[in-house]
Amino acid sequence: MASERVAYFVMESVVAPNGEYRALIAKEGVHGYYLTDWTWGKDLKVAEQIAAKKNLALGLDDKAAWKIVLSTMRPLGAEPKRRQARARLTR
């Protein structure tokens, strides 16, 4: 069985009480994210760079890492339900 892929990321809205950005972990295909106790400073760009370095150590470039993060927004393989138009019958 293949191991589950994870990616590190930060969000502007997720900070510790001291104002530092919290490290988040996304697990591919799993809804939501995991909040860590790690903080990566008060500069968003620096925190993003740290996440990118962590992801590179996992063998993930930015595109692959964000693909994992995006996969957490809905179950993997699940398509959003589309509203079907009702057919109108006329005589």
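Residues numbered from 1 in each chain as written. Predicted model: local features only at pLDDT ≥ 70, side-chain atom pairs only at ≥ 80, totals over all residues. Heavy atoms only, no water.

With respect to the helices and strands, the residue T72 is situated in the segment after α2 (62-71). Setting aside chain neighbours within four positions, we find T72 in contact with A26, K27, V30, H31 and G32. (Helix = DSSP H or I, 4+ residues; strand = E, 2+ residues; numbered from the N terminus. Contact = heavy atoms within 4.5 Å.)

Once that is clear, we can look at the sheet that holds strand β2 (residues 22-27). Spatially, 3 strands are ordered β1-β2-β3 in an open sheet, and the strand pairing comes out antiparallel. What marks the edges here is a single partner per strand, and that holds for β1 (6-9) and β3 (34-39). Taking each pair of neighbouring strands and ignoring which way they run, the sheet shows an average axis angle of 30°. Strand contacts of α2: β1 and β2, with the helix running at about 95° to β1, the strand carrying the most contacts. (Pairing = 2+ DSSP bridges. Axes fitted to C-alpha atoms, helices over the stretch in contact; angles between N-to-C directions.)

Here we come to helix α1 (residues 44-57). Taking 1.5 Å per residue, 14 residues should reach 20 Å; α1 reaches 20 Å between its end C-alpha atoms and fits that length. All of the buried residues in α1 are A47, A51 and N55. Down the axis, α1 shows its buried residues gathered within 80° of arc, on one side only. In α1, those exposed residues whose orientation departs by more than 90 degrees from the buried face are K45, K53, L56 and A57. Buried residues along α1 sit in contact with β1 and α2. The N-cap of α1, judged by a side-chain oxygen 2.9 Å from the amide nitrogen of K45 a few residues on, is D43. (Expected span 1.5 Å × (residues − 1). Buried < 20%, exposed > 50% of the residue type's maximum accessible area, 1.4 Å probe, protein only. Arc of directions from axis to C-beta. Polar contact = N/O pair within 3.5 Å; in protein donor to acceptor, adjacent residues only side chain to side chain.)

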